[in-house]
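As a plain string of letters, each chain reads:
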Amino acid sequence: MKLYTYWRSTTSYRVRIALNLKGIGYEPVPVNLVAGEQRASDYAKVNPGLGVPTLVTDEGVTLTQSMAILEWLEETHPEPALLPADPAERAHVRAAALGIATDIHPVNNLRVVGQLKTMGHSPDDTVDWMNHWMSEGFAAFQSLIRPDTPFAFGDAPGLADICLVPQLYNARRWGTDLTPFTRLTEIEAACLAHPAFDAARPEAQPDAT
Ligand SMILES: N[C@@H](CCC(=O)N[C@@H](CS)C(=O)NCC(=O)O)C(=O)O
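This write-up is about the structure you can find in this document. (Residues numbered from 1 in each chain as written. Predicted model: local features only at pLDDT ≥ 70, side-chain atom pairs only at ≥ 80, totals over all residues.)

The linkage connecting Val52 with the following residue, Pro53, adopts the cis geometry, with an omega of 10°. Note that Pro53 resides in the loop between helix 2 (41–46) and strand 3 (54–56). The phi angle at Leu50 is positive, at roughly 55°, despite the residue not being glycine. Inspection of the secondary structure puts Leu50 in the loop between helix 2 and strand 3. Residue Leu50 is classed as partly exposed on the basis of its C-beta count, with 16 C-beta atoms lying within 10 Å. Backbone geometry at Gln65 places phi at a positive 70°, although glycine is not the residue there. Within the fold, Gln65 resides in the loop between strand 4 (62–64) and helix 3 (66–76). (Helix = DSSP H or I, 4+ residues; strand = E, 2+ residues; numbered from the N terminus. Buried ≥ 20, exposed ≤ 12 C-beta atoms within 10 Å, placed from the backbone.)

In structure tokens:
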């Protein structure tokens, strides 16, 4: 498989973790977001959403949207499972994961922050903006997960952890106050001790600078 990715992209990071957890080898194809390569006409044909990740399967099928890619990976490579078997538990895991994917990430995306700057907001204001949404989203996430398991919902990492760890990477990048979220940073430490998460870290990517 081929994964269009950017080392600091949290949505790419999610997919890198899932591929590693499921033991699927892939060829990374770097897309430099800072240089604007996601808007180049060649890449727009691959992903009209003008973002990463994009996964091209061995059969040549192009998949976009990180959450759709994660669900596809779960359906086609069920082991190890990223979702529990019980439907209500699955819904709880998805709710926590989607809180990050749909309530935090989109309002903090590069293009959104860029637009805020175009509208006259200072760089400091945009950092406050990002930290505000991360703090709100992490508080919700922390309330939604189990209080006392090694990972967010059990003894093994799953979809919620896959979304959490990249978002915490971004939080550290922008200086979000993580002191109210010790449960989350403990889960992060447990995840990063796992080789699948470790190999997916931004700093371990070939395009890291
Ligand atoms: N909802 C999409 C978002 C994809 C996305 O926009 N990714 C970011 C990187 S984390 C990006 O490529 N941003 C480029 C931009 O904003 O110009 C997904 O989950 O795949």
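Let us now look at the nonpolar core. Within the largest apolar cluster, 47 residues are counted, with the highest numbers of intra-cluster contacts made by Ala18, Leu159, Ala160 and Leu164. Residue assignment for this core shows that the elements contributing at least two residues are strand 1 (2–5), helix 1 (10–21), helix 3, helix 4 (87–108), helix 6 (123–144), helix 7 (159–174), helix 8 (182–192) and helix 9 (195–200). Here this core gets eight residues from one element, more than from any other, and that element is helix 7. The two domains that each donate at least three residues to this core are domain 1 (2–80) and domain 2 (87–196). Beyond its immediate sequence surroundings of up to four residues, Leu159 is in contact with Leu70, Leu82, Leu83, Val93, Arg94 and Ala97. (Core = buried A, V, L, I, M, F, W, Y, C linked by C-beta atoms within 7 Å. Domains from an automatic or database assignment. Contact = placed C-beta atoms within 7 Å.)

Before going further, it helps to spend a moment on the environment of His77. Counting through the fold element by element, His77 comes out in the loop between helix 3 and helix 4. Judged by the 16 C-beta atoms lying within 10 Å of it, His77 falls in the partly exposed class. With 55 residues separating them in the primary sequence, His77 and Lys22 have C-alpha atoms 6.9 Å apart.

Another point: the pairing of strand 1. Of the strand pairs in this sheet, strand 1 and strand 2 (residues 27–30) are connected by four bridges, and their pairing is parallel. When the bridges of strand 2 are listed, Tyr4 appears paired with Val29. Pairing of strand 1 with strand 3, which is carried by three bridges, proceeds in the antiparallel orientation. Counterpart to Lys2 in the pairing with strand 3 is Val56. (Pairing = 2+ DSSP bridges.)

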